[in-house]
Amino acid sequence: MAGGNERSMKALKEVWKRAENSFCADCGKPDPDWASSTLGVFICLSCSGIHRNIPSISKVKSLKMDFWDDAQVQFLAKHGNAVTKAIYEAHIPIYYYQPTYNDCQVLREQWIRAKYERKEFTEPGKQLPYSDGVKEGILWKRGRDNGQFLPRKFLLSEREGCLKYFTKQDAKEPKINVKIDVINATFQPEKIGNANGLQISYLKDNKTRNIFVYHESGKEVVDWFNAIRSVQFHYLKVAFPIASDNEIKNRLTRNFLKEGYMEKTGPKQREAFKKRWFTLDHRRLMYFKGPLDAFAKGEVFVGSGENGYSVQKGLPSGTQGNFSWHYGITIVTPDREYLFTCETESDQLEWIRAFTSVINQAMTPQEYAIEAYFKFKS
């Protein structure tokens, strides 16, 4: 605001401190200190960088460092986050994933472009590229054994309630045919090594299988992601007719609670600890030899505290297995204890927080069935 006159500065501060403008209009981050002088929204530094890439739609300025003239301040006062959201977010499909500041760049960028550039949510009943119940196209898929990314045809069908992929364009039979209700999709740019990297996981014989894909176009890969959520939503509406839309929305794709390396030992607790990649997907703790493995080497069910599950900092006294990392975690289940070690104390505390958040939640009837399967399997 350097160089601005006192009246403009005071008026700008008044608009800025409205409750509606205390969070970024696009990602929800607290205390935004940038704004769009053409859209009238208050945004964070990160989202302002995305706005800069669509200069025909949005002109952004710092609320602290740039000069705002009277007309621009009046425009902000007339609009602001609430008024602008009412226009550009008027008709968002309930299944559409609205990213937060914790989400990756491609999700946030396409959300911003969908709102302001493509105006996808301004009219009711608008035909959207992820809303018609079928999507077909090419995604680059990582080979399970050789690690190469190769183009593969994917087909998503609401009518059939499944996702398929084919190894060849003219193939009549798919390589996989997965029911939509056992699929999860989550963006993994760092793990996959591509800004548009998407991990698709599904259950087969109650075991998790991972597929890693990307597309050169950020819009296309986000359209695939929301198409999966759309098909899931309509499938679950039929399967659970009395469930509310919000209840169904909460059962769509989910981000993993925590991922990273830990060391683990075997059931006798005398074996050497081995470094493994762990993924906590709600109550499933899966471990892999590496982060891009297609199949988990094993899975641990993490139940609720009222059913005898707990997490403890450290290892039991007298633990004999050799381990190179010294920040231990013990998961206690009704049947046995699972021992892990972390490289740093911060890793240890983050894992404990993640486990605690799961253990503190009551189990659903479906989760009791999953627990019974894990006990039967062991």
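Keep in mind the model is a prediction, meaning the values are calculated, not measured.

Section: the domain arrangement of the protein chain
Reasoning step 1: Split into domains, the protein chain comes out as domain 1 (1-117), domain 2 (134-250) and domain 3 (258-376).
Reasoning step 2: Here domain 1 and domain 2 have C-alpha centroids that lie 33 Å from each other.
Reasoning step 3: At the interface, eight residues of domain 1 touch 17 residues of domain 2.
Reasoning step 4: Interface area for domain 1 against domain 2, summed over the two sides, is near 1100 Å², with a carbon-plus-sulfur share of 73%.
Reasoning step 5: On the domain 1 side of the interface with domain 2, the three residues burying the most area are Ile-94, Tyr-95 and Val-106, jointly 55% of the side's total.
Reasoning step 6: For the pair domain 1 and domain 2, the interface holds zero salt bridges.
Reasoning step 7: Seen at the junction of domain 1 and domain 2, the total is two residue pairs in polar contact (both at pLDDT 80 or more).
Reasoning step 8: When its residues are assigned to classes, the side of domain 1 that touches domain 2 shows seven nonpolar, one polar and no charged.

Thoughts on the pairing of strand E12 (residues 274-281)
Reasoning step 1: Most of E12 sits out of view: six of its eight residues are buried.
Reasoning step 2: Bridge count between strand E11 (residues 258-264) and E12: seven bridges; the pairing is antiparallel. Bridge pairing links Met-262 to Arg-276 in E12.
Reasoning step 3: The pairing of E12 with strand E13 (residues 284-288) spans five bridges and is antiparallel. Counterpart to Trp-277 in the pairing with E13 is Phe-288.

What about empty space enclosed by the protein?
Reasoning step 1: If you walk through the whole model with that rule in mind, you get three cavities of 30 Å³ or more.
Reasoning step 2: Roughly 50 Å³ of volume is contained in the largest cavity.
Reasoning step 3: Those elements giving two or more residues to the lining of the largest cavity turn out to be strand E4 (134-142) and strand E10 (207-214).
Reasoning step 4: When residues of the lining of the largest cavity are assigned to their parent elements, the largest contribution, four residues, is made by E10.
Reasoning step 5: Class assignment for the residues of the lining of the largest cavity results in four nonpolar, two polar and five charged.
Reasoning step 6: Residue contributions to the lining of the largest cavity reach at least three from each of two domains, namely domain 2 (134-250) and domain 3 (258-376).

What about the side chain of Arg-229?
Reasoning step 1: Relative to the elements of secondary structure, Arg-229 occurs in helix H7 (residues 218-239).
Reasoning step 2: Reaching out from Arg-229, the side chain makes a polar contact with the backbone oxygen of Tyr-95 at a distance of 2.6 Å.

Concerning the sheet that holds E4
Sheet strands line up and pair through hydrogen bonds in the backbone, either parallel or antiparallel.
Reasoning step 1: In space, the seven strands of this open sheet follow the order E7-E6-E5-E4-E10-E9-E8, with antiparallel pairing throughout. Two strands close off the open sheet at either side, each with one partner strand: strand E7 (176-179) and strand E8 (183-187). Averaged over all pairs of adjacent strands, the angle between strand axes in this sheet comes to 35°, irrespective of strand direction.
Reasoning step 2: By the bridge criterion, nine bridges tie E4 to strand E5 (residues 149-157) in an arrangement that is antiparallel. Residue pairing for E5: Ile-138 is matched across the bridge by Lys-153.

A look at the nonpolar core
Reasoning step 1: Judged by nonpolar contacts, the single largest core of 55 residues is most densely connected at Ile-43, Leu-156, Ile-183, Phe-187, Leu-198 and Ile-200.
Reasoning step 2: Considering each element in turn, this core owes the most residues, nine residues, to H7.

What to know about helix H4 (residues 80-88)
Reasoning step 1: Considered for burial, the residues of H4 that qualify are Gly-80, Asn-81, Thr-84 and Tyr-88. In a view along the axis of H4, the buried residues occupy a sector of 115°, so they form one face of it.
Reasoning step 2: Looking at the buried positions of H4, the neighbouring elements they touch are strand E2 (42-43), helix H3 (70-78) and helix H5 (105-117).

Concerning the packing of helix H2 (residues 45-52) against H5
Reasoning step 1: Relative orientation of the contacting elements H2 and H5 amounts to 60°, with a least axis distance of 10 Å. In terms of orientation, H2 and H5 fall into the oblique class. Here H2 runs over H5; the crossing is right-handed. Listed contacts from H5 to Ser-46, Cys-47, Ile-50 and His-51 of H2 are Gln-105, Arg-108, Glu-109, Ile-112 and Tyr-116.

Some remarks on the UniProt feature "domain: PH" (unreviewed entry) in the protein chain
Reasoning step 1: Per the UniProt record, "domain: PH" (unreviewed entry) is annotated on residues 132-233 and 255-360.
Reasoning step 2: Taken as a whole, residues 132-233 contains 20% helix and 46% strand, while its terminal C-alpha atoms sit 12 Å from one another.

Section: H2
Reasoning step 1: Among all positions in H2, only Cys-47, Ser-48, Ile-50 and His-51 are buried. An end-on view of H2 places all buried positions within 155° of arc, on one side of the element.
Reasoning step 2: Among the structural elements, strand E1 (34-36), E2, strand E3 (60-62) and H5 are those in contact with the buried residues of H2.

Some words on the packing of aromatic side chains
Reasoning step 1: Throughout the structure, instances matching the rule amount to 20 aromatic pairs.
Reasoning step 2: Ring centres of Tyr-96 and Tyr-130 lie 5.5 Å apart, and the angle between their planes is 50°; on these two criteria the pair is classed as tilted. Here the residue Tyr-96 occupies a position in the loop between H4 and H5, and Tyr-130 occupies one in the loop between H5 and E4, the gap between them amounting to 34 residues. In terms of burial, Tyr-96 and Tyr-130 fall into one category: buried.

Rules and cut-offs
Residues numbered from 1 in each chain as written. Predicted model: local features only at pLDDT ≥ 70, side-chain atom pairs only at ≥ 80, totals over all residues. Heavy atoms only, no water. Domains from an automatic or database assignment. Contact = heavy atoms within 4.5 Å. Buried area = accessible area lost by both parts, 1.4 Å probe. Salt bridge = Lys/Arg side-chain N within 4 Å of Asp/Glu carboxyl O. Polar contact = N/O pair within 3.5 Å; in protein donor to acceptor, adjacent residues only side chain to side chain. Nonpolar A, V, L, I, M, F, W, Y, C, P; charged D, E, K, R; others polar. Buried < 20%, exposed > 50% of the residue type's maximum accessible area, 1.4 Å probe, protein only. Helix = DSSP H or I, 4+ residues; strand = E, 2+ residues; numbered from the N terminus. Pairing = 2+ DSSP bridges. 1 Å grid on protein atoms, 1.4 Å probe; cavity = no way out; pocket = protein on both sides within 12 Å on 5 of 7 lines; lining within 4 Å. Points joined across faces, edges and corners; volume = space filled by probe spheres on them. Axes fitted to C-alpha atoms, helices over the stretch in contact; angles between N-to-C directions. Core = buried A, V, L, I, M, F, W, Y, C linked by side-chain atoms within 4.5 Å. Arc of directions from axis to C-beta. Parallel < 35°, antiparallel > 145°, perpendicular 65-115°, else oblique. Left-handed = near helix turned anticlockwise from the far one by under 90°. UniProt positions renumbered as here; feature names shortened; annotations may be inferred. Phe/Tyr/Trp six-rings, centres within 6.5 Å; stacked < 30°, edge-to-face > 60°.

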